[in-house]
Amino acid sequence: MNRSFRVGNLFGIPFYINSSWFLVLVLVTLTYSSSLAEQFPELTGMLPLILGLIAALLLFSSVLAHELGHSFVALSQGIEVKSITLFLFGGLASLDRESKTPGEAFSVAIAGPLVSIVLFGLFTIINTFTAINGPLAAILQLLAYINLVLALFNLIPGLPLDGGNILKSIVWKITNNPYKGVIFASRVGQVFGWLAIVSSLIPTFLSGSFPNIWNILIGSFLLQNAGRSAQYAEIQGTLADLTAADAIILDRPIVSASLSLREFVNEYIIGKDSRKQFLVINEVDQLVGVINVDDLKVVNTSEWPLVMVKELTKPVTNMETVVAKTSLLEVVSLLEQKQINELTVIDENGVLVGLIEKASIRSLLENKAKVKSA
């Protein structure tokens, strides 16, 4: 049920429909067509089903308009909208990055509910001040009601709902820390998730009635996604407080160009963890190239004391570097963006500090987590 199908583009934004959407489409169509048939006995044959399908599609169009509201504001801030997806619980606009300021984050978050409120007002006005009646008037009334519910539900102040993003931006503004905003709004979202689940179970215990499945599903959805948001924000907050220098691997693969091959082998290879490549520095500790262990085979072992490391050093090609003071969050972003596993770290003067790897970052985070839980 997690598969999504691309159905085209909307204003240049890739548009997807999750397989779970079709289930809801069928349920809404059947439910509302039955309601129309009861309200308007003159509707015969396939007409109630057709009108029910039209109503269901219009309802999802309202959800789509809600997500486009978020997307247009994000685009105005230079944020790429990677996709819009309709799924079981509504819609999701996937953004390339977060807003740069609390005010911009607030604007993106509030845009969706505002679109829904505008649609509620529009459908209400049409239904009230025109001569439309019968099934069409009933459909317009439903659309108005659904858009109002969509706006109010999304304004619940807990992630991953829009109200949670609004709360996040407010906490971000107060604390000047976006991650604290995410964590706080996520915890509130988890509270609402538990409230939704408990509210569906209480009638079961009191009267033995069947629990409200939708409340349980929505509560589970809030709990799961709010929990992920909080966990991700905690990691991001930790990374933002650390620098590249903090995650340098302890076993530094750095050798001096002035070493003989014999000294290099004795000090860095024999009895050490196997490593195929080492960084080579000059007399002022600046990176000049790399030496591959396999290249030692081209030199007879009897000549190792006479041959210097610099003679087997190869120029550095396509090696990414970062300054030691660079935020570890930026380092992780660069590793993901470049699809690489390691970076060389230098100081402001170009002196080589060490090497940073994905594994060393994970190890640092694990150690921080152990210290925090101790």
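For the structure given in this document, a descriptive report is provided here. What you see is a predicted model, and the numbers here were worked out from it, not measured in a lab.

How each quantity is defined
- Along each chain, residues carry numbers from 1 onward, in the same order as the chain's sequence is written.
- Two thresholds apply to this predicted model, a pLDDT of at least 70 for residue-level local features and 80 or more for giving and counting side-chain atom pairs, whereas whole-chain, interface and lining totals are computed over all residues.
- With hydrogens and water excluded, all non-hydrogen atoms of the structure serve as input to the side-chain values.
- We count a stretch as a helix when DSSP gives it H or I for four or more residues in a row; a strand needs E for two or more, and each element gets its number in order from the N terminus.
- Values of the radius of gyration come from C-alpha atoms, whereas the globule rule sets the reference at 2.2 Å times the count of residues to the power 0.38.
- Residue contacts follow a heavy-atom distance rule, with two residues in contact if any of their heavy atoms lie within 4.5 Å.
- In these tables, accessible area is a Shrake-Rupley quantity obtained with a 1.4 Å probe, and a residue counts as shielded only by the protein chains included in the view.
- Two residue types count as positive, namely Lys and Arg, and two as negative, namely Asp and Glu; His and chain ends fall outside the count.
- Where a charge sits is defined by one atom per residue type, namely NZ (Lys), CZ (Arg), CG (Asp) or CD (Glu).
- Only protein atoms enter the 1 Å grid, on which a cavity is a set of points fitting a 1.4 Å probe that cannot get out and a pocket is an open set with protein on both sides within 12 Å along at least 5 of 7 lines, lining residues being those with an atom within 4 Å of a point.
- Grid points are joined across faces, edges and corners, and a volume is the space filled by probe spheres set on the points.
- Residue classes follow a fixed rule: Ala, Val, Leu, Ile, Met, Phe, Trp, Tyr, Cys and Pro count as nonpolar, while Asp, Glu, Lys and Arg count as charged, and any other residue, Gly among them, counts as polar.
- Under the pairing criterion, centres of Phe, Tyr and Trp rings, with the six-membered ring standing for Trp, must be within 6.5 Å; the plane angle then separates stacked pairs below 30 degrees from edge-to-face pairs above 60, leaving the rest tilted.
- Axis definition: a line fitted to C-alpha atoms, over the contacting stretch in the case of helices. Angles run 0 to 180 degrees between N-to-C directions.
- To sort the angles, those under 35 degrees are grouped as roughly parallel, those over 145 as roughly antiparallel, those from 65 to 115 as roughly perpendicular, and the leftovers as oblique.
- Any two strands with at least two DSSP bridges between them are considered paired.
- Helices are assigned an expected span. That span is 1.5 Å times one less than the residue count.
- For every residue, the accessible area obtained with a 1.4 Å probe (protein chains only) is divided by the maximum for its type, and the residue is called buried under 20%, exposed over 50%, and partly exposed between those limits.
- Distance thresholds for patches are 9 Å for like charges and 5 Å for nonpolar side chains (Val, Leu, Ile, Met, Phe, Trp, Tyr), applied to residues having over 30% relative accessible area and no salt bridge.
- Just to be clear on terms, a salt bridge is a Lys or Arg side-chain nitrogen sitting within 4 Å of an Asp or Glu carboxyl oxygen.

**Description of the overall build of the chain**
Right, on to step 1. The secondary structure content of the chain amounts to 10 helices and 10 strands.
Right, on to step 2. The C-alpha atoms of the chain give a radius of gyration of 30 Å, which is well past the 21 Å a tight globule of 374 residues would have.
Right, on to step 3. If you line up the chain on its principal axes, its C-alpha atoms span 100 × 45 × 40 Å.
Right, on to step 4. Considering only contacts within the chain whose residues lie at least 6 apart along the sequence, 60% involve residues at least 24 apart.
Right, on to step 5. Here the chain displays about 20800 Å² of accessible surface, and carbon together with sulfur accounts for 61% of that area.
Right, on to step 6. Averaging the positions of the 25 positive and the 29 negative side-chain charges in the chain gives two centres separated by 2 Å.

**Some remarks on the layout of surface pockets**
Summary: where empty space remains is shown by rolling a probe the size of a single water molecule over the atoms.
Right, on to step 1. Within this model, the second largest pocket holds a volume of roughly 460 Å³.
Right, on to step 2. Together, 17 residues line the second largest pocket, and Glu 234, Ile 235, Thr 238, Leu 365 and Lys 372 are the ones closest to its centre.
Right, on to step 3. Elements with a minimum of two residues in the lining of the second largest pocket: helix H6 (178–207), helix H7 (213–241) and helix H10 (358–373).
Right, on to step 4. If one sorts the elements of the lining of the second largest pocket by residue count, H7 sits on top with 8 residues.
Right, on to step 5. Along the lines of polarity and charge, the residues of the lining of the second largest pocket split into 7 nonpolar, 4 polar and 6 charged.

**A look at the packing of aromatic side chains**
Right, on to step 1. Evaluated as defined, the whole model comprises 8 aromatic pairs.
Right, on to step 2. Considering the side-chain rings of Phe 264 and Tyr 268, the 6.1 Å spacing of their centres and the 40° angle between planes classify their relative orientation as tilted. Of this pair, Phe 264 and Tyr 268 are both found in helix H8 (residues 261–268), 4 residues apart, which corresponds to roughly one turn of the helix.
Right, on to step 3. Plain terms: the ring middles of Tyr 268 and Phe 278 are 6.1 Å apart, the flat faces sit at 75° to each other, and that makes the pair edge-to-face. Taken together, the positions of Tyr 268 in helix H8 and Phe 278 in strand S6 (residues 277–281) put the pair 10 residues apart, joining distant regions of the chain.
Right, on to step 4. Among the aromatic residues, those joined into a cluster by ring pairs are Phe 5, Trp 21, Phe 22 and Phe 60.

**Quick notes on the packing of H7 against helix H9 (residues 328–338)**
Right, on to step 1. Closest axis-to-axis distance for the H7/H9 pair is 6 Å, and the angle between their directions is 110°. Taken together, the axis directions place H7 and H9 in an arrangement best described as roughly perpendicular. Two secondary-structure elements touch here, H7 through Gln 236, Leu 239 and Ala 240 and H9 through Leu 328, Leu 329 and Val 332.
Right, on to step 2. Broken down by class, the residue content of the contact of H7 with H9 amounts to 5 nonpolar, 1 polar and no charged.

**Thoughts on the sheet that holds strand S1 (residues 4–10)**
Right, on to step 1. Sheet architecture is open: 4 strands sit in the order S1-S2-S3-S4, paired in mixed fashion. Each having just a single partner strand, S1 and strand S4 (90–95) make up the two edges of the open sheet. For this sheet the average axis-to-axis angle between neighbouring strands, irrespective of direction, equals 25°.
Right, on to step 2. Two strands pair when backbone bridges link them, and S1 and strand S2 (residues 13–18) are joined in this way by 6 bridges, in the antiparallel orientation. What sits directly across from Asn 9, in S2, is Pro 14.
Right, on to step 3. Contacting S1, S2 and strand S3 (81–87), helix H1 (residues 19–39) crosses the sheet at an angle of about 60° to S2.

**Comments concerning H1**
Right, on to step 1. With 21 residues, H1 should cover 30 Å at 1.5 Å per step; its first-to-last C-alpha distance of 31 Å lies within 8% of that length.
Right, on to step 2. Among the residues of H1, Ser 19, Ser 20, Trp 21, Val 24, Leu 25, Thr 29, Tyr 32, Ser 33 and Leu 36 are the ones counted as buried.
Right, on to step 3. Those residues of H1 that are buried lie in contact with S1, S2, helix H2 (47–76), S3 and helix H4 (134–154).

**As for H4**
Right, on to step 1. With 21 residues, H4 should cover 30 Å at 1.5 Å per step; its first-to-last C-alpha distance of 30 Å lies within 8% of that length.
Right, on to step 2. Inspection of H4 places Pro 135, Ala 137, Ala 138, Ile 139, Leu 140, Leu 142, Leu 143, Ala 144, Asn 147, Leu 150, Ala 151 and Asn 154 among the buried residues, and these make up the whole buried set.
Right, on to step 3. Those residues of H4 that are buried lie in contact with H1, H2, helix H3 (102–129) and helix H5 (162–175).

**Quick look at a nonpolar patch on the surface**
Right, on to step 1. On the surface, Val 26, Leu 30, Met 46, Leu 47, Leu 49, Ile 50, Ile 54 and Leu 58 cluster together into a nonpolar patch covering about 670 Å² of accessible area.
Right, on to step 2. Counting residues per element, the ones that place at least two in the nonpolar patch are H1 and H2.
Right, on to step 3. When residues in the nonpolar patch are grouped by element, the largest group, 5 residues, is from H2.
Right, on to step 4. Relative to the helices and strands, Val 26 is located in helix H1.

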